[in-house]
Protein chains: 2
Amino acid sequence: MTPKKSIGIVETKYYACKEKLTLENNKKIGPLSIAYETYGELNQKKTNAILVLHALSGDAHAAGFHSDEKNPGWWDALIGPGKAFDTDKYFVICSNVLGGCKGTTGPSSINPDTGNPYALDFPQISIFDMVKCQKLLVDYLGIDKLLSVVGGSMGGMQALAWLRAYPDKISSVIPIATAIRHSPQQIAFNEVGRQAIMSDSNWKSGDYYGGSLPVKGLAVARMFGHITYMSDISMAAKFGRQKKQNQEPFKFTAADFEVEGYLHYHGDNFVKRFDANSYLYITKAMDNFDAGGDKPFEEAIRGVKAKVLVIAFKSDWLYPAYQSKEIVKACKLSGLEASYCEVNSTYGHDAFLIETEQETRLIGHFLNKVFYAAPRLI
Amino acid sequence: MTPKKSIGIVETKYYACKEKLTLENNKKIGPLSIAYETYGELNQKKTNAILVLHALSGDAHAAGFHSDEKNPGWWDALIGPGKAFDTDKYFVICSNVLGGCKGTTGPSSINPDTGNPYALDFPQISIFDMVKCQKLLVDYLGIDKLLSVVGGSMGGMQALAWLRAYPDKISSVIPIATAIRHSPQQIAFNEVGRQAIMSDSNWKSGDYYGGSLPVKGLAVARMFGHITYMSDISMAAKFGRQKKQNQEPFKFTAADFEVEGYLHYHGDNFVKRFDANSYLYITKAMDNFDAGGDKPFEEAIRGVKAKVLVIAFKSDWLYPAYQSKEIVKACKLSGLEASYCEVNSTYGHDAFLIETEQETRLIGHFLNKVFYAAPRLI
C-alpha cells in the first residue's frame, strides 16, 4: 500500500462547557472541560462530520502529530488525506471521554466545590453519559447530524449508545470489536484490574493526588489487560520462549522471558500517562453498560434509519466475534440495514488498531455509500 | 451415576528425608520434609502403585477426609473404592511438591543454616526437581516401578517429566490438560500473578514471615488465575450479569456483580491457605519447564515403553487442546503407544477437576489394560 499522507501537526482543543450535565443516575456534574481534536474541514451544509470514539485508554489525539511528539495519534493510519476517514472529504472529530484523564473532566479534575481533585467524589458515570457529553460538543460545533459515529472496543459501545440515544442525529454507525453488554468474563477481567489498583497501598481510597501514585497496582492492571488485547498466536509469533539477555543472577523482579519484559515495559509506560481512578470509573462504566438502556437492545433500536457496519476479528477473545454477531442480529431483527465483516486476523483484540489496511477498505466503501446515497445531505 | 464410597478418614504423613537433594541447577537442598498421603494397599509384589500429581495450588490431600474437615481431598471423585483409581485394587500415592507450602519443604520452611524461613534464599527449583523429590518418596516406600503417574495442569507437566527422567520406573502416564512447555501467553499469565504479589508493599522482597502477609497481592494473583481456570461459557452459565443484592451505596471495593463476589471469595480464601513465595517459585518452575529437558521432547522419549493416555478439554483456553495434541504427536513420532481423548466440556481448565464421570471411564479402562496387559506385573 502506498504510504498515505499524514494530516500533519494538530493540537488538542478544549471546550469549556458552562452548563451542568445531568447524568443517567440523576446526579449533576459541571462545569465541564471537553478535550477534542478535529481533522479536515466541515462543509457548508455541515453534513460531512464523523465522530471517532476511543477505547479505555485512548484520548482525543486520534490522528496527526502534536508539535512536541514523535508518535502520531492512535488511529493515524485511518484518519487523514485519502485514508478511510478521508480528511479531504470528511470532518473528523475525536474527544476524550467523560471520566478520562486526558483533558476531559474526570476524577483527577478539580472539584469546583472543594478546590481539590474529585477523586472518589466524582460521580458514577455511564457509557450513555460519555455520549451525552459528546453530544454537547457536537452541538457546540454546530453540527445537527453526524455522517457517522465509529469506534472500537469501548469506542464501539459508545457508537451503540449513540444509536440508542440519538438515532436521528446520525446517518450511520460503525461498532468495531465490541459488545452490546459485557459478559461475566469481561466483567471479571476488569474487576481484577480494579482490585490490582485498589490493593496498592498508595491508592488510599482514591486520595492519592499530590502524593505517591498507585503505580504498581495500575501497572499490574495494564499488564493483565495487555494479555487480553493480544492473542495466543500473536504472542507466540512475537516472543516465542525467547529469554532476555544478561539476566544473571536470576531475580523474580526482573524480566526473564522476552514476553515478561514486554509486559513490564507497557505497564511502566502506562502509569506515566493514565490516572488509576479514571481506570476504575471507566471500566465500571463498561461493565454496567447495556446498549439498550432500559430495554432489550433489539427493541430499543426499532425503526432506526441509521446504517450499520459491524466489524469483528477472528482471534479476538476479549470481544469475541459472537458478540459482534449479536449486534448484527439485533439490528436485522429490528429492520436496520446492517452489514457484518469478520476480519481474519491473528492480532487478537488489538487488531482494530493494527488491521488498518482491511479496515480502510471496509470503512472507506461503507462511508462512501452513506455519504453519496443521500444526495440531500451533500 | 451411583455415588461411590469414600475412602474415609485419611491423614497426611511426612517423610523426613535426611539426604540432600541435588537440584537441576546443581544447588543442594536438605534435609527435606515430604508430605504425602496414600490410599489403598500396596500389593505383595508392589506392582499396583499409582502416583497422583497435583496442580499449582494443590496438596498431598487428594482423597478422603481429614478428621477435622468437612470437604474431601481435591480429586476425591476419582480416588476411592470402585472409582477410577480404585483403591480396592491400586495403591495411590500423592505428595506435596517441592517448593510448596503444605508440608513439603518450600520457601516458608525453616532454613537449617539460619533457623529462619528460607524466603528468597530458597533455591530456584524446576518441575524435574519436584519429580526427583517424588522419586525419593517412591524409593522410600519400597516401590521399584509405578503402574502409572497421573496429573492435570502442572501435575501433567510432572507426569511428562517422569516419562522423561524415569521411563523405566513407570508402566504408564496420564497427562491431563497440560503442555510440553508453556506458551508466551501462559508465561504472561503467570508473570502478571507474580507481579501482583511483588507489588504488594507487604511482600518486602519475600521477607514477610512473622509479619503482615502480602495477602492483597496474592488474592489478585488468584482472582486472575481463577478467570483462566473457567471459560466464557461456564461463567455465563454460572453468573450471567446477575448483580449482588444490598449493594447500596455503590463502592468500588465491594462486589457489585455476582461474578465479582465469587472472585473476591476465592481470592480471600486462597490467601488463608497458600504462601505467596511458593506461588512465585512454583509458577516460575512451570514457565521454565520443557518436558524434553536438554533435548526436544520427541527425541528425549525415544524408545520409551510406557503407555500414554492424554486427556484435554474442549473449552480449556489456559491449556488449549492443541498443546495436548503436541504431546500425542511427539509420543507417536517416537513410537510410544499413545491415546488421545478430548472431552467435550464447557468448564474450561477446571474441567480436569469437574468432568470426573468421563475421566473415570477413560482412566478406568486405560489403567485396567495397563494392569492386566502385563501379567508379569501381577
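Here the residue numbering is sequential within each chain, running from 1 through the sequence in written order. Numbering of ligands from 1 and lettering of chains from A proceed in the order in which they are written. Restriction of local features to residues with pLDDT of at least 70 applies here, the model being predicted, together with a cutoff of 80 or more for giving and counting side-chain atom pairs; totals for whole chains, interfaces and linings are based on all residues.

1. Details of the domain arrangement of chain A
Residue and element names in this part refer to chain A.
Phase 1 of the analysis: The domain boundaries assigned to chain A delineate domain 1 (13-181 + 290-377) and domain 2 (187-282).
Phase 2 of the analysis: Taken over C-alpha atoms, the centre of domain 1 sits 26 Å from the centre of domain 2.
Phase 3 of the analysis: Across the boundary between the two partners, domain 1 contributes 22 residues, which contact 16 residues of domain 2. Start and end points for every domain follow an automatic or database-based domain assignment. Here, residues touch in the contact sense if the C-beta positions derived from the backbone fall within 7 Å of one another.

2. Digging into the sheet that holds strand 9 (residues 148-152) of chain B
Residue and element names in this part refer to chain B.
Phase 1 of the analysis: Across the sheet, eight strands lie side by side as 1-4-8-5-9-10-11-12; this open sheet has mixed pairing. Only two strands of the sheet have a single partner each, and these edge strands are strand 1 (13-17) and strand 12 (338-343). Geometrically, the sheet is characterised by an average inter-axis angle of 20° between neighbouring strands, direction not taken into account.
Phase 2 of the analysis: Here, strands pair whenever DSSP counts at least two bridges between them. Strands here mean DSSP runs of E at least two residues long; helices mean DSSP runs of H or I at least four residues long; both are numbered from the N terminus. As paired strands, strand 5 (residues 49-53) and strand 8 (residues 91-95) are joined by four bridges and run parallel to one another. The residue bridging Val52 from the neighbouring strand is Cys94, located in strand 8.
Phase 3 of the analysis: The convention used is that axes are lines fitted to C-alpha atoms, helices contributing only their stretch in contact, and that angles between N-to-C directions extend from 0 to 180 degrees. Of the strands in this sheet, strand 9, strand 10 (172-176), strand 11 (307-313) and strand 12 touch helix 11 (residues 356-373), which is tilted by about 175° from strand 11.

3. With respect to the relation of the copies chain B and chain A
Phase 1 of the analysis: A least-squares superposition brings the copies together, and it is based on the C-alpha atoms of residues with pLDDT no lower than 70 in both. Take chain B, turn it by 180°, move it 0.0 Å along the axis, and it overlays chain A with an RMSD of 0.0 Å. Such values leave the two copies arranged in the relation of a two-fold axis.
Phase 2 of the analysis: Of the interface residues in chain B, 100% have counterparts in chain A that sit at the interface too, so the contact is made through matching surfaces.

4. A short note on the sheet that holds strand 5 (residues 49-53) of chain A
Residues and elements named next belong to chain A.
Phase 1 of the analysis: Strand order in this open sheet of eight strands is 1-4-8-5-9-10-11-12, and the pairing throughout is mixed. The open sheet is flanked by strand 1 (13-17) and strand 12 (338-343), the only strands paired with a single partner. The sheet shows a mean angle of 20° between the axes of neighbouring strands, taken without regard to direction.
Phase 2 of the analysis: The pairing of strand 5 with strand 9 (residues 148-152) spans four bridges and is classified as parallel. The residue of strand 9 that forms the bridge with Leu53 is Gly151.
Phase 3 of the analysis: Sheet strands touched by helix 1 (residues 127-140): strand 1, strand 4 (32-39), strand 5 and strand 8 (91-95). Its angle to strand 4, the strand with the most contacts, is close to 60°.
Phase 4 of the analysis: Lying on the sheet, helix 9 (residues 321-333) is in contact with strand 10 (172-176), strand 11 (307-313) and strand 12; it crosses strand 12 at an angle near 170°.

5. Observations concerning the interface of chain B and chain A
Phase 1 of the analysis: Contacts between chain B and chain A engage 38 residues on the former and 38 residues on the latter.
Phase 2 of the analysis: Broken down by secondary-structure element, the contributors of at least two residues to the side of chain B that touches chain A are helix 3 (184-198), helix 4 (215-229), helix 5 (232-239), helix 6 (258-273) and helix 7 (276-288) of chain B.
Phase 3 of the analysis: Throughout this entry, Asp, Glu, Lys and Arg are counted as charged residues, while Ala, Val, Leu, Ile, Met, Phe, Trp, Tyr, Cys and Pro are counted as nonpolar. The remaining residues, Gly among them, count as polar. Along the lines of polarity and charge, the residues of the side of chain B that touches chain A split into 20 nonpolar, nine polar and nine charged.

6. Things to note about the environment of Met223 of chain B
Phase 1 of the analysis: Looking at the secondary structure, you find Met223 of chain B in helix 4.
Phase 2 of the analysis: Once the C-alpha coordinates of Met223 of chain B and Phe297 of chain B are considered, the two residues, 74 residues apart in sequence, prove to be 33 Å apart.
Phase 3 of the analysis: In this structure Met223 of chain B touches Val192 and Gln195 of chain A together with Leu263, His266 and Gly267 of chain B, once residues within four positions along its chain are discounted.

7. What about the environment of Ser67 of chain B?
Phase 1 of the analysis: For Ser67 of chain B, the position within the fold is in the loop between strand 5 and strand 6 (79-80).
Phase 2 of the analysis: With 57 residues separating them in the primary sequence, Ser67 of chain B and Val10 of chain B have C-alpha atoms 7.4 Å apart.

8. What about the pairing of strand 11 of chain A?
Residue and element names in this part refer to chain A.
Phase 1 of the analysis: We call a residue exposed when 12 or fewer other C-beta atoms sit within 10 Å of its C-beta, buried when the count reaches 20 or more, and partly exposed for counts in between; the C-beta positions come from the backbone. The buried count for strand 11 comes to seven of seven residues, which makes it a mostly enclosed element.
Phase 2 of the analysis: Of the two faces of strand 11, the one carrying Lys307, Leu309, Ile311 and Phe313 and the one carrying Val308, Val310 and Ala312 are both buried.
Phase 3 of the analysis: Bridging between strand 10 and strand 11 involves three bridges; their strand directions are parallel. What sits directly across from Ser172, in strand 11, is Lys307.
Phase 4 of the analysis: A crossover connection joins strand 11 to the parallel strand 12 through helix 9; in handedness this β-α-β unit is right-handed. A crossover counts as right-handed when, viewed with the strands pointing away from the observer, the path leading from the first strand over the helix to the second turns clockwise.

9. Some thoughts on helix 3 of chain B
Phase 1 of the analysis: By this rule the span expected of a helix is its residue count minus one, scaled by 1.5 Å. Here helix 3 of chain B spans 20 Å end to end across 15 residues, near enough to the 21 Å set by a 1.5 Å rise per residue.
Phase 2 of the analysis: Of all the 15 residues making up helix 3 of chain B, 15 are buried; the element is thus mostly covered by neighbouring parts of the structure.

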